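Residues per chain are reported as follows:
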Amino acid sequence: MWQLQRADEKRTLQAEYDRRAVQAPMVVSSTVQPAAALQFSRIEARGFYESDYQLLLDNRIHQGMPGYHVITPLRIDNSDTRVLVNRGWVPLGDDRATLPVIDPPAGPVTVSGIATVPHDGLALGAPPPLTRARPTVWPQFDLARYARSVPFPVQPVVILLDPRSPAGGYVRAWARLDAGIAVHLGYAVQWFALASTVLVVYVVLWLRAKRRKDTE
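Here we summarise the structure given alongside this text.

The rules behind these values
- Residues numbered from 1 in each chain as written.
- Predicted model: local features only at pLDDT ≥ 70, side-chain atom pairs only at ≥ 80, totals over all residues.
- Heavy atoms only, no water.
- Helix = DSSP H or I, 4+ residues; strand = E, 2+ residues; numbered from the N terminus.
- Buried < 20%, exposed > 50% of the residue type's maximum accessible area, 1.4 Å probe, protein only.
- Polar contact = N/O pair within 3.5 Å; in protein donor to acceptor, adjacent residues only side chain to side chain.
- Contact = heavy atoms within 4.5 Å.
- Pairing = 2+ DSSP bridges.
- Patch = residues over 30% accessible without salt bridge, like charges linked within 9 Å, V, L, I, M, F, W, Y side chains within 5 Å.
- Areas by Shrake-Rupley, 256 points an atom, 1.4 Å probe, with all protein chains shown as cover.
- Salt bridge = Lys/Arg side-chain N within 4 Å of Asp/Glu carboxyl O.
- Phe/Tyr/Trp six-rings, centres within 6.5 Å; stacked < 30°, edge-to-face > 60°.
- Lys NZ or Arg CZ within 6 Å of the ring centre and 35° of its normal.

Our focus in this paragraph is the side chain of Thr-72. Take Thr-72: it is sitting in strand E4 (residues 65–76). The class for Thr-72 is buried, based on a relative accessible area of 0%. A distance of 3.0 Å separates polar atoms of two side chains, one belonging to Thr-72 and the other to Arg-87. Each residue touching Thr-72, except ones within four places of it in the same chain, is listed here: Tyr-49, Glu-50, Gln-54, Val-83, Leu-84, Val-85, Arg-87 and Pro-104.

Two faces make up the sheet, and in a regular strand the side chains alternate between them. Bridge analysis of strand E1 (residues 26–27) against strand E2 (residues 42–49) gives 2 bridges, and the strand direction is parallel. Looking across to E2, one finds that Val-27 is bridged to Glu-44. Of the pairings in the sheet, the one linking E2 to strand E6 (residues 108–116) comprises 7 bridges and is antiparallel in character. Note on E6: the bridge partner recorded for Ala-45 is Val-111. Examined bridge by bridge, E2 and E4 share 3 bridges and lie antiparallel to one another. If you follow Tyr-49 over to E4, its bridge partner there is Leu-74.

Attention now moves to a nonpolar patch on the surface. A contiguous nonpolar patch, built from Leu-199, Tyr-202, Val-203, Trp-206 and Leu-207 and spanning about 510 Å² of accessible area, is present on the exposed surface. For Trp-206, the position within the fold is in helix H4 (residues 181–215).

Glancing now at the packing of aromatic side chains. Tallied over the full model, the rule gives 3 aromatic pairs. Where Tyr-53 meets Phe-152, the ring centres are 5.8 Å apart and the plane angle is 70°; that geometry is what we call edge-to-face. Of this pair, Tyr-53 sits in the loop between E2 and strand E3 (55–62) while Phe-152 sits in the loop between helix H3 (143–149) and strand E8 (154–161); the two residues are 99 residues apart in sequence, bridging distant segments of the chain. Each member of the pair, Tyr-53 as well as Phe-152, is classed as buried. With a centroid separation of 6.5 Å and an interplanar angle of 45°, the aromatic rings of Phe-141 and Tyr-146 are classed as tilted. Of the two residues examined, Phe-141 and Tyr-146, each falls in the buried class. In this structure an aromatic cluster arises from ring pairing among Trp-138, Phe-141 and Tyr-146. Sitting over the face of the ring of Phe-152, Arg-82 holds its NZ or CZ atom 4.1 Å from the ring centroid.

Okay, here's the thing in structure tokens:
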């Protein structure tokens, strides 16, 4: 029953995801906002891409092919604040020793997309330090670590660049944001099935014991 309750809570959360995803875009300014105010919303930011402190997120699969997600900071107009933009997927190439060329477009751009707070699960060791000279490869994304490693304020979300945006993107086959309702329903079914099995076994054993008693 607790799993069913959690599924109901996730339905409410999914409805919020879907509601925010179709609203008019929120314009991100230089003021660093709480993640909860931006997460799952359509947002828009205008500024300049910077090649310094770019990230390549490793082990990202697209149509069975390994590659990277390209994370590029956008300096918001008339400020020192940056917002990170996931510009999409690029293939691995021949080997990991040669990184893909991911130079962002020069000049002002307007980016739009869905604001997310990435959660890549348990980190296995500390990632390598960020560098300015070339993109840094991280196996997992840690937004808090990134913000601590750079000399400028960072909005606490990453923009998944809209697939229709011309603002210097790569392959952007983003999955629909999913609150995980099916997971809790699956657990509930397992628990009900287990309880039903225990009940059936109990009844069978009780009937056998009763027959033995009746024949004595």
